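Listed below, chain by chain, are the residues.
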Amino acid sequence: MRKVWAVVRREFVERVRRRWFWIMALVGPLFFGAVFVLPTVLARGGVRNIAVVDATAGTLGGRITDSLNASHAFEAVRVPAGRGVIDSLTGQVEHQRISGFLILTDAAVDSGRAEYRGSNVSGFGAMRALERVVGEAVSAVRLERAGVDPKVVAEARRPIQLTTHPIGGRSVAGETAAQSFSLAYFMGIILYTAILLYGINVMSSVLEEKTTRIVEVLVSSLRPFELMVGKVLGVGAVSILQFLIWGVGARLLLARRASPVAASDAADEIFQVPHVSGATLAIFMAYFLGGFFLYSAMFAAVGAMSSTEQEARQAQQPVAWLLVLSFISMFALLNDPNSTLAVTLSLVPLSSPIAMPVRWAAGNIPGYEIALSLVILVGSIIGVTWTAARIYRVGILMTGKRPNLRELVRWVRA
Amino acid sequence: MTSPTPLVVLDRVSKRFAGHTAVDELSLSIPTGVVYGLLGPNGAGKTTTIRMIMDILQPDAGAVRLFGQPSGGRAHTERIGYLPEERGLYRKMRVLDVLVFLAEMKGMERRSARDRAAQWLERLGLAQWAQRRIDELSKGMQQKVQFISTVLHDPDLVVLDEPFSGLDPVNTQAMKDVVLDLRRRGKTILFSTHIMEQAEKLCDQLCIIARGRKLVDGALGDIKRTHGGHHLVVGFDGHTGGAAHVFADRALVSKVDNYGQYAELELAADADAQRILAALVESGARLSRFELQEASLHKIFIDLVGPDAAHAEGGRSDA
């Protein structure tokens with residue numbers, strides 16, 4: 001046992017000492033933050049300078065310009081319509097002095113038509129915001145035309161905010177649907193990345209001992225199984241430390257992002273800062289560790305059966321694909337966390353480490369499903385570790401050709 | 001030389017790999033306190049044999065007994081030092097940390113491992129490298145670090161697989177010193193080699209194997225006597241006395257090439273050169289030269305193994 005402990009400590013200390021670990025600690029939150037924030041930023045596309053070509057008889061152009069400037073997404077200038085205005089503005093768009101221009105005529109109020117011409121008309125968030133502003137102004141003008149008191153119009157236009165609470169026997173994971181979605185999305189990405197990253201860490205550690213032949217000295221001192229377990233636990237401990245660092249980093253980052261800068265943005269309605277409860281953290285860590293043990297045992301076996309870095313990179317692909325598949329299926333889960341597919345994926349051990357936390361975050365799950373999924377996962381870890389250890393035991397001493405499937409089966413049976 | 005319970009016993013041990021038998025019913029016995037050579041051409045099964053002793057491989061048949069117990073190397077790991085044929089250390093680790101870690105694998109306490117490692121580094125002139133990373137060291141220095149890791153925990157049995165391969169002359173000398181020092185302190189050393197000159201200088205006992213089978217084993221002197229034939233060169237200082245009479249004794253001399261003042265003899269089987277010397281002195285001959293010329297181990301090896309098999313066969317590095 002003391003030797004296993006020494007293996008654990010070596011894996012831990014050597015990894016934490018390396019520059020790579022601290023680069024990951026630093027870059028990790030930025031990376032995850034980027035994955036999280038980027039869709040918002042991309043959808044927003046920054047502040048757009050636009051012109052409002054006003055050919056209306058009334059106040060509509062002025063109102064819209066003011067509302068656009070009041071939103072944080074646009075800086076608008078009202079331009080009275082006239083000869084050559086369109087051409088000159090088109091020229092400005094082409095020279096990238098402005099993003100585009102909105103053409104308003106009285107038809108907007110009568111038939112609900114307006115036109116936007118710009119260099120980029122596919123910015124979903126921006127177009128939606130533009131549409132909303134124009135729509136609100138038009139409806140206000142229509143109401144006033146119909147003789148409604150402007151005060152009443154203003155009162156009627158005050159927006160509501162819908163807060164959603166999933167109902168279930170447990171405390172709510174995210175407070176709103178949007179937050180649940182972000183949390184699930186975020187957890188899926190972290191789980192996938194971390195399991196893959198640390199699994200491959202285990203693999204290269206096995207490979208290092210194999211290629212340097214230290215493994216002979218080690219295996220004559222402790223059982224291959226003990227060595228493998230020590231390695232997996234050591235790398236696992238590093239990942240937990242990394243998570244602690246990331247956790248603190250991500251908190252700080254998200255706290256900054258919670259400032260109301262982007263409050264009016266469309267994409268922001270999809271990605272909201274989630275509130276992570278203790279139960280969610282526990283589920284996350286339980287499935288991360290479960291997934292890590294499951295996959296790193298397989299990665300250890302892959303490392304053991306390969307002789308070179310290149311070989312290992314090839315041989316790890318089937319294992320990595322299992323993980324990629326679970327990751328991709330996450331998007332199906334997010335759509336409907338209680339579909340048969342979702343339930344199945346969160347019970348099948350290879351996909352449950354990602355699927356179950358994602359489902360948990362996205363919606364309500366009966367406790368027995370979690371219990372069942374965990375039992376299956378733990379059982380699979382034992383089975384997979386046993387099998388991987390047998391491949392490992394034979395593989396670490398082999399040199400030369402990588403074994404084919406039939407040989408692998410023989411190793412396991414031996 | 002012999003002790004009641006040999007330290008290492010192999011009892012008809014066999015190991016087969018896909019398609020070929022690496023070790024075939026090999027039996028040998030290594031007493032405590034000797035330097036034991038496991039000799040054979042490349043691919044003879046030396047490394048496989050050592051790996052079975054070390055518990056790295058399990059024999060398909062037969063048994064390994066160490067320290068009088070029916071168990072392989074892993075059960076006695078704190079008493080065994082092992083240097084594999086292919087060397088390597090954790091390249092990114094610091095020298096001292098590697099040594100401490102490997103000593104811990106051998107069951108040593110961290111603190112005493114640290115102290116002992118520092119002493120050894122001092123002794124082999126590597127003290128100022130203790131905190132450097134392995135990959136900053138020259139190859140020769142890395143080899144020294146690896147010797148240290150083999151003997152750091154003061155093992156009773158030291159197993160060295162091709163210890164001299166790839167060593168520069170300075171480290172070869174250092175390695176020999178370490179081996180001789182260990183023997184002086186009553187340790188047992190098992191080493192494999194295909195270089196007979198080294199075996200001849202270092203071994204007390206040896207075993208020659210080829211194609212996984214034992215050809216001969218025993219004390220170096222015995223093997224030379226039984227397999228080398230014994231050549232004796234005698235020179236006279238004028239007076240030959242009754243030498244011709246002695247030479248004619250077929251119990252002592254099987255063949256003679258007599259030049260008068262100089263003769264080359266081949267000893268009879270079981271004959272003792274000391275008796276010939278005594279007989280010659282008694283016969284009144286005055287000797288200027290009396291020299292036993294043993295066949296070299298190399299020659300015995302070639303004779304036993306055959307010139308073909310003496311070279312690498314198959315090229316399996318793990319056999």
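Residues numbered from 1 in each chain as written. Chains lettered and ligands numbered in written order. Predicted model: local features only at pLDDT ≥ 70, side-chain atom pairs only at ≥ 80, totals over all residues. Heavy atoms only, no water.

### Quick word on the overall build of chain A
Within chain A, the regular secondary structure consists of 17 helices and four strands. Across the 414 residues in chain A, those meeting the buried criterion constitute 49%. Of the contacts made within chain A by residues no fewer than 6 positions apart, 77% connect residues no fewer than 24 positions apart. As displayed, chain A has an accessible area near 20100 Å², and 64% of this comes from carbon and sulfur atoms. (Helix = DSSP H or I, 4+ residues; strand = E, 2+ residues; numbered from the N terminus. Buried < 20%, exposed > 50% of the residue type's maximum accessible area, 1.4 Å probe, protein only. Contact = heavy atoms within 4.5 Å. Areas by Shrake-Rupley, 256 points an atom, 1.4 Å probe, with all protein chains shown as cover.)

### Some words on the pairing of strand 8 (residues 205-210) of chain B
Residue and element names in this part refer to chain B. Counting buried positions over the six residues of strand 8 gives six, a clear majority of the element. Sheet analysis places strand 3 (residues 35-39) next to strand 8, joined by four bridges and oriented parallel. Bridge pairing in strand 8 places Y36 opposite Q205. By the bridge criterion, six bridges tie strand 8 to strand 9 (residues 213-219) in an arrangement that is antiparallel. Counted as the bridge partner of A210 is R213 from strand 9. Hairpin connection between strand 8 and strand 9: a loop of two residues separates the two successive antiparallel strands, and R211 in this loop has a positive phi of roughly 50°. (Pairing = 2+ DSSP bridges.)

### Regarding the interface of chain B and chain A
Each partner contributes to the interface: chain B provides 29 residues, whereas chain A provides 25 residues. The largest per-residue losses of area from chain B upon contact with chain A belong to B:R74, B:Y90 and B:M105, which jointly make up 26% of the total buried on that side. Between chain B and chain A we count five salt bridges in total. Across the salt bridge formed by B:R51 and A:E216, the nearest N and O atoms sit 2.7 Å from each other. The interface formed by chain B and chain A holds 13 residue pairs in polar contact (both at pLDDT 80 or more) in total. Per element, the largest residue contribution to the side of chain B that touches chain A is five residues, and it comes from helix 2 (residues 95-105) of chain B. Considering only residue class, the side of chain B that touches chain A consists of twelve nonpolar, five polar and twelve charged. (Buried area = accessible area lost by both parts, 1.4 Å probe. Salt bridge = Lys/Arg side-chain N within 4 Å of Asp/Glu carboxyl O. Polar contact = N/O pair within 3.5 Å; in protein donor to acceptor, adjacent residues only side chain to side chain. Nonpolar A, V, L, I, M, F, W, Y, C, P; charged D, E, K, R; others polar.)

### Considerations on the nonpolar core
As a rule of thumb, nonpolar side chains are buried together in soluble globular proteins. A:L218 and B:F101 are the most contacted members of the largest nonpolar core, which totals 169 residues. When residues of this core are assigned to their parent elements, the largest contribution, 17 residues, is made by helix 8 (residues 177-212) of chain A. Residues in contact with A:L218, not counting those within four places in the same chain, are A:E209, A:L227, B:Y90, B:F101, B:L102 and B:M105. Membership of the second largest hydrophobic core comes to 22 residues, among which are A:A126, A:L130, A:V133 and A:V134. (Core = buried A, V, L, I, M, F, W, Y, C linked by side-chain atoms within 4.5 Å.)

### A look at the packing of aromatic side chains
Evaluated as defined, the whole model comprises twelve aromatic pairs over all chains. Ring centres of A:F243 and A:W246 lie 5.7 Å apart, and the angle between their planes is 80°; this geometry places the pair in the edge-to-face category. Linking A:F243 with A:W246, this pair stays in helix 10 (residues 224-257), spanning three residues, or about one helical turn. The rings of A:F243, A:W246, A:F284, A:F288, A:F292 and A:F293 are connected pair by pair, giving a single aromatic cluster. Taking the ring centre of B:Y90 as reference, the NZ or CZ of A:R10 above it sits at 3.6 Å. Directly above the ring of B:F101 sits A:R10, whose terminal nitrogen or CZ lies 5.4 Å from the centroid. (Phe/Tyr/Trp six-rings, centres within 6.5 Å; stacked < 30°, edge-to-face > 60°. Lys NZ or Arg CZ within 6 Å of the ring centre and 35° of its normal.)

### Notes on a nonpolar patch on the surface
Among the surface-exposed residues, A:I23, A:L26, A:V27 and A:F31 lie close enough to one another that they form a single nonpolar patch of about 390 Å² accessible area. Along the chain, the position of A:V27 falls in helix 2 (residues 19-44). (Patch = residues over 30% accessible without salt bridge, like charges linked within 9 Å, V, L, I, M, F, W, Y side chains within 5 Å.)

### Let's talk about the sheet that holds strand 12 (residues 262-267) of chain B
By way of backbone hydrogen bonds, the strands of a sheet pair with one another, either parallel or antiparallel. All names here are of chain B. Taken together, four strands build an open sheet; the order of strands is 11-12-10-13 and the sheet is antiparallel. Bordering the open sheet on either side are strand 11 (253-258) and strand 13 (287-294), each of which pairs with just one other strand. In this sheet, adjacent strand axes meet at a mean angle of 20° when their direction is disregarded. Summarising the sheet, strand 10 (residues 230-236) and strand 13 pair through seven bridges and their orientation is antiparallel. Opposite L232, over in strand 13, you have L292 as the bridge partner. (Axes fitted to C-alpha atoms, helices over the stretch in contact; angles between N-to-C directions.)

### Focus: the side chain of B:T47
All names here are of chain B. Along the chain, T47 turns up in helix 1 (residues 46-53). With relative accessibility at 5%, the residue T47 sits in the buried group. A distance of 3.1 Å separates the side chain of T47 from the side chain of E85, its partner in a polar contact.

### Thoughts on the environment of B:S71
Residue and element names in this part refer to chain B. Note that S71 resides in the loop between strand 4 (61-66) and strand 5 (80-83). Between the C-alpha atom of S71 and that of D55, which follows or precedes it by 16 residues, the distance is 8.5 Å. The residues touching S71, leaving out its near neighbours within four places in the chain, are V64, R65, L66 and H76.

### Some thoughts on the confidence of the model for chain B
Residue and element names in this part refer to chain B. Residues at a pLDDT of 70 or more form 94% of chain B, whose mean pLDDT is 86. Taking the mean pLDDT of every element in chain B, the minimum, 80, falls on helix 7 (residues 220-228) and the maximum, 95, on helix 2. Taken as a whole, residues 312-319 scores under 50 in pLDDT and shows 15 contacts with residues more than four places along the chain or in a different chain. (pLDDT = per-residue confidence, 0-100.)

### Regarding unusual backbone geometry
Located in the positive-phi region is A:R213, a residue other than glycine, with phi close to 70°. Along the chain, A:R213 turns up in the loop between helix 8 and helix 9 (214-219). Although it is not a glycine, B:E25 adopts a positive phi angle of roughly 45°.

### Quick look at the pattern of salt bridges
Taken as a whole and assessed by the stated rule, the structure comprises 36 salt bridges over all chains. The salt bridge partner of A:E209 is A:K231, with a shortest N-O separation of 2.9 Å. Taken together, the residues span a long stretch of sequence, with A:E209 in helix 8 and A:K231 in helix 10 at a distance of 22 residues. In this structure, A:E209 and A:K231 share a single accessibility class: buried. One salt bridge in this structure joins B:E104 and B:R110, with 3.3 Å as the shortest N-O distance.

### Structural notes on the confidence of the model for chain A
All names here are of chain A. When the pLDDT values of chain A are averaged, the result is 81; 85% of them are 70 or greater. The weakest mean pLDDT in chain A belongs to helix 2 at 73; the strongest belongs to helix 1 (residues 2-17) at 92. Residue range residues 168-174 is modelled with pLDDT below 50. Its contacts to residues more than four positions away, or to other chains, number 14 contacts. For residues 259-270, every residue scores under 50 in pLDDT, and the model assigns this stretch 20 contacts once sequence neighbours within four places are set aside.

### Quick word on the environment of B:L232
Locating B:L232 in the fold gives a position in strand 10. In this structure, the C-alpha to C-alpha distance between B:L232 and B:L265, residues 33 residues apart in sequence, is 4.9 Å.

### Here we look at the environment of A:I354
Here A:I354 lies in helix 15 (residues 352-362). On a C-alpha basis, the gap between A:I354 and A:G291 in space is 7.8 Å, while along the polypeptide they are 63 residues apart.

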